[in-house]
Amino acid sequence: MSPRTPALPLLLLLASACGPSSSVDEGLGMVHELDTSEAGITAFVREGLYKEWLAEPSVHETRAPHGSKVRVFFNDIVTESLRAGNATHPVGSILVKELYKDDGKTLRGHALDVKIAEGPGKDTWLFYEGFGPDYSNNYYGRAHSTCHGCHEAGQDYVTSPLP
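Structure report, in brief. (Residues numbered from 1 in each chain as written. Predicted model: local features only at pLDDT ≥ 70, side-chain atom pairs only at ≥ 80, totals over all residues. Heavy atoms only, no water.)

**Remarks on the pattern of salt bridges**
Pairs can form between side chains of opposite charge once their charged atoms are near each other. Enumeration over the complete set of coordinates arrives at two salt bridges. Among the salt bridges present, the one from Glu98 reaches Lys51, with a minimum N-O distance of 2.6 Å. With Glu98 in strand 6 (residues 94-100) and Lys51 in the loop between helix 2 (38-46) and strand 3 (54-55), the pair connects residues that are 47 residues apart, well separated along the chain. Overall, Lys51 belongs to the partly exposed group, its relative accessible area being 43%. Across the pair Glu61 and Lys69 runs a salt bridge, and its minimum N-O distance is 2.2 Å. (Salt bridge = Lys/Arg side-chain N within 4 Å of Asp/Glu carboxyl O. Helix = DSSP H or I, 4+ residues; strand = E, 2+ residues; numbered from the N terminus. Buried < 20%, exposed > 50% of the residue type's maximum accessible area, 1.4 Å probe, protein only.)

**Description of the environment of Glu56**
Assignment of secondary structure puts Glu56 in the loop between strand 3 and strand 4 (60-61). For the pair formed by Glu56 and Pro161, sequence separation is 105 residues and the distance between their alpha carbons is 9.2 Å. Once residues lying within four places of it in the same chain are set aside, the contact partners of Glu56 are Val70, Arg71, Val72, Phe74, Pro161 and Pro163. (Contact = heavy atoms within 4.5 Å.)

**Remarks on the layout of surface pockets**
In this model, the second largest pocket occupies a volume close to 180 Å³. Contributing to the lining of the second largest pocket are His32, Glu33, Leu34, Phe44, Leu49, Trp53, Asn75, Asp76, Ile77 and Ile94. Across the lining of the second largest pocket, the residue classes tally to six nonpolar, two polar and two charged. (1 Å grid on protein atoms, 1.4 Å probe; cavity = no way out; pocket = protein on both sides within 12 Å on 5 of 7 lines; lining within 4 Å. Points joined across faces, edges and corners; volume = space filled by probe spheres on them. Nonpolar A, V, L, I, M, F, W, Y, C, P; charged D, E, K, R; others polar.)

**Describing the environment of Phe127**
With respect to the helices and strands, Phe127 occurs in strand 8 (residues 125-131). Distance from Phe127 to Leu112, taken between C-alpha atoms, is 6.0 Å for residues 15 residues apart in sequence.

**Details of the packing of aromatic side chains**
Taken as a whole, this structure holds three aromatic pairs when the rule is applied. Geometrically, the ring pair formed by Phe44 and Trp53 is tilted, given 5.8 Å between the ring centres and 45 degrees between the ring planes. Note on Phe44: relative accessible area 9%, which makes it buried. Centre to centre, the rings of Tyr50 and Phe73 are 4.8 Å apart; their planes meet at 75 degrees, and the pair counts as edge-to-face. Residue Tyr50 is found in the loop between helix 2 and strand 3, and its partner Phe73 is found in strand 5 (residues 69-74); the two are separated by 23 residues along the sequence. Phe73 shares its class with Tyr50; the two are buried. In textbook terms, an aromatic cluster arises when at least three aromatic residues are bridged by ring pairs, as seen for Phe44, Tyr50, Trp53 and Phe73. (Phe/Tyr/Trp six-rings, centres within 6.5 Å; stacked < 30°, edge-to-face > 60°.)

**Details of the pairing of strand 6**
With respect to burial, strand 6 is a largely interior element, seven of its seven residues being buried. What you see with strand 6 is no split at all: Ile94, Val96, Glu98 and Tyr100 on one side and Leu95, Lys97 and Leu99 on the other are buried throughout. Pairing geometry for strand 5 and strand 6, over six bridges, is antiparallel. By the bridge assignment for strand 6, Arg71 is matched with Glu98. Here strand 6 pairs with strand 7 (residues 107-115) via seven bridges, running antiparallel. When the sheet's bridge partners are listed, Glu98 is paired in strand 7 with His110. Counting the residues that bridge the hairpin from strand 6 to strand 7 gives six residues, and of these Gly104 lies at a positive phi of roughly 75 degrees. (Pairing = 2+ DSSP bridges.)

As structure tokens, then:
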């Protein structure tokens with residue numbers, strides 16, 4: 001960049017790298033019956049295909065940056081792994097966090113974490129956060145820069161305890 005080139009385009013590029021995705025599919029395909037593309041995850045959460053999983057008993061307050069009210073659902077794979085006290089979770093571990101408005105009744109979006117590769121580390125997780133009604137400006141990506149920083153404090157990036 002020359003001294004005469006405005007810095008604004010560079011700043012915009014850097015800001016977008018830490019915000020919502022550019023909707024680029026990670027190309028991971030199916031992981032434990034979940035289409036891991038951004039469109040696949042959006043369809044999965046909008047259709048409520050996680051509703052039969054183990055769930056926290058009710059919507060509750062949270063300190064997480066997802067908003068003030070949440071409820072977390074755990075698939076069987078991550079449930080068994082957490083119960084066993086595993087240091088790392090197996091591929092196919094999935095958690096869905098319903099995100100509510102401050103009234104605790106109005107669903108405003110979803111966050112989803114899916115373990116996509118064996119072993120420890122942020123690159124073994126795909127993160128997603130989207131808000132309705134259109135889910136058009138989602139956070140999505142492997143080791144997403146906005147998500148992994150908070151999740152690294154958890155047991156293999158899982159910060160929610162089992163109910």
